[in-house]
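Residues per chain are reported as follows:
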Amino acid sequence: MSKKLYYLRISLAFVVLLLSGLAFAGVFYQIKIFDWQIAALLQRVMVDFSVVWLGILLVIVLITLILGRVYCSVLCPLGLMQEVLELVFARRRNLQKNRPYKYLIAAGVLGMMLGGSVIAAQKIEPYAIAGQILSGTVYGLVMLGLIAVAVWFGGRIFCTNICPVGAILGLMAKHSLLKIYIDDKACVACGACASKCQAGCIDIKNKTVDNETCVKCLKCLSVCKKSAIRYGKAPKQEPKFDLGRRKLLTLGAAMAVLAVAAKSGMIMAQNAIAKVKKVVLPAGAKNEKEFVNRCLNCNLCVASCPMKIIKQANDDFGAVHLDYSSGFCDYDCHECSRVCPSGAIERISLEQKQKTQIGLAVIDEKKCIKCGLCVMSCPREAIAREMGQAPKIDDTNCIGCGACKAKCSVAAISMTTIEEQKVL
């Protein structure tokens, strides 16, 4: 039974990793697994609250309270990448300490998000990092290198002692209904389970398992020849929650960090707004000021855009944005809205997208040769031309898709930004 659980978990993880790769390759994202990423869910609940998003978040909480941190070994793409590295490196693992500073990291990230800034989440949240790795950003590749080094020396140390999501889930998993535990009578202390433990949470000397840091990879179940390591309701319960001096100090420090981070998040959000340069954003992003403080920069929309006009964040704008130099926004496409897991790009229908004004086209009459190609290319018939005259654009009907600009052979059309997206 133990091995069957392990192979079931491995199979589910493989499917999720495969779907993640296909999604970021822009091939397939019909099964929206990233809607179950915790930071994206938290952001969506805060941005456009709905019972559905809160319900999904509560389902993950419930699963963790019952099964432990299975999220980390099944749904988290960065966790699964580390597991692949573990298989490649195949190193013997030692017991790891459970470090309290991870709670301060989690409090800092959550506080900044509450304050209105996702800057910290963009840098250290596992889904955001995984997205940047899979989309090949410089930061993503640097983080991949650092995580590979961390896995080589410490296994899943990022998950156990750094990850803000892991810290929150760990507190729940510590008191979960089902746990990994060792049967004292059956165990011969061979150490096989501890040597294979990715999280370094098995103390074979004392025959205990730290279920707070355990990521439920279930590898230990598959290697124990005596079936002494179990997954279920432990006969001996771990000590009940006790606010000792050290725990009280950690809790106080975490609350202080949360408060300071929330205030810092407000300041950083305003600073980000002050530095915003005018850009055109995907339909559903509303405006630059809000979007720059909502986008996790996972780059899933970049990968999913069939026209390849959504570009990654750069020095000019700290979030994804449109670049019409390489094409235009397809009138019959709303992939970016459909895939965004964080709510930075609102989920809107194709019909609504076709009415959403994201920018405006402007014609330079000095360059225009009056060919009329722009008139024929406009999907909303927002451009008209009288015989012998330069075309005129109806600002009340143009949505800024850029189809006319792409068609113009003399570069007489440019795209301008607007203060706020609106439905015409």
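Residues numbered from 1 in each chain as written. Predicted model: local features only at pLDDT ≥ 70, side-chain atom pairs only at ≥ 80, totals over all residues. Heavy atoms only, no water.

**Let's talk about the overall build of the chain**
So, step 1. A count of helical and extended segments in the chain gives 20 helices and twelve strands.
So, step 2. Looking at the chain as a whole, 50% of its 424 residues are labelled buried.
So, step 3. Contacts in the chain between residues at least 24 apart in sequence constitute 72% of all its contacts with a sequence separation of at least 6.
So, step 4. Of the roughly 20,400 Å² of accessible surface on the chain, a fraction of 63% belongs to carbon and sulfur atoms.
So, step 5. Of the charged side chains in the chain, 53 are positive and 30 negative, and the gap between their average positions amounts to 12 Å. (Helix = DSSP H or I, 4+ residues; strand = E, 2+ residues; numbered from the N terminus. Buried < 20%, exposed > 50% of the residue type's maximum accessible area, 1.4 Å probe, protein only. Contact = heavy atoms within 4.5 Å. Areas by Shrake-Rupley, 256 points an atom, 1.4 Å probe, with all protein chains shown as cover. Lys, Arg positive; Asp, Glu negative; His and termini not counted. Charge placed at Lys NZ, Arg CZ, Asp CG, Glu CD.)

**Observations concerning the pattern of salt bridges**
So, step 1. In the structure shown here, the tally under the stated rule is eleven salt bridges.
So, step 2. Across the salt bridge formed by Glu86 and Arg93, the nearest N and O atoms sit 3.1 Å from each other.
So, step 3. In this structure Glu86 comes out as buried when scored by relative accessible area, which is 8%.
So, step 4. For the salt bridge of Arg230 with Asp183, the shortest nitrogen-to-oxygen distance reads 2.9 Å. Of this pair, Arg230 sits in strand S4 (residues 229–232) while Asp183 sits in the loop between strand S1 (179–182) and helix H12 (192–196), and the two are 47 residues apart along the sequence. (Salt bridge = Lys/Arg side-chain N within 4 Å of Asp/Glu carboxyl O.)

**Some words on the layout of surface pockets**
So, step 1. Of the voids in this model, the second largest pocket is the one considered here, and its volume is about 520 Å³.
So, step 2. Contributing to the lining of the second largest pocket are 21 residues, with Asn297, Ala313, Asn314, Phe317 and Gly318 lying nearest its centre.
So, step 3. Ranked by the residues each element gives to the lining of the second largest pocket, the list is headed by helix H7 (residues 119–124), at three residues. (1 Å grid on protein atoms, 1.4 Å probe; cavity = no way out; pocket = protein on both sides within 12 Å on 5 of 7 lines; lining within 4 Å. Points joined across faces, edges and corners; volume = space filled by probe spheres on them.)

**Quick look at the pairing of strand S11 (residues 413–416)**
On a regular strand, each side chain points to the face opposite its neighbour's, so the side chains alternate between the two faces of the sheet.
So, step 1. Of the two faces of S11, the one lined by Ile413 and Met415 is fully buried and the one lined by Ser414 and Thr416 carries no buried residue.
So, step 2. Of the strand pairs in this sheet, strand S8 (residues 360–363) and S11 are connected by four bridges, and their pairing is antiparallel. Each bridged residue has a counterpart across the sheet, and for Val362 the counterpart in S11 is Ser414. (Pairing = 2+ DSSP bridges.)

**Considerations on the packing of aromatic side chains**
So, step 1. In this structure the tally under the stated criterion is five aromatic pairs.
So, step 2. Taking the centre distance of 5.2 Å and the plane angle of 45° together, the rings of Phe34 and Tyr127 count as tilted. Highlighted residues: Phe34 in the loop between helix H1 (2–24) and helix H2 (38–47) and Tyr127 in helix H8 (residues 126–134), separated in sequence by 93 residues. With respect to burial, Phe34 and Tyr127 carry one shared label: buried.
So, step 3. Among the aromatic side chains, those forming a connected cluster through ring pairs are Phe24, Tyr29, Phe34 and Tyr127.
So, step 4. One Lys or Arg, Arg44, reaches over the ring of Trp53 and ends 4.2 Å from the middle of that ring.
So, step 5. The ring of Trp152 has Arg91 sitting right over it, with the charged end atom 4.2 Å from the ring centre. (Phe/Tyr/Trp six-rings, centres within 6.5 Å; stacked < 30°, edge-to-face > 60°. Lys NZ or Arg CZ within 6 Å of the ring centre and 35° of its normal.)

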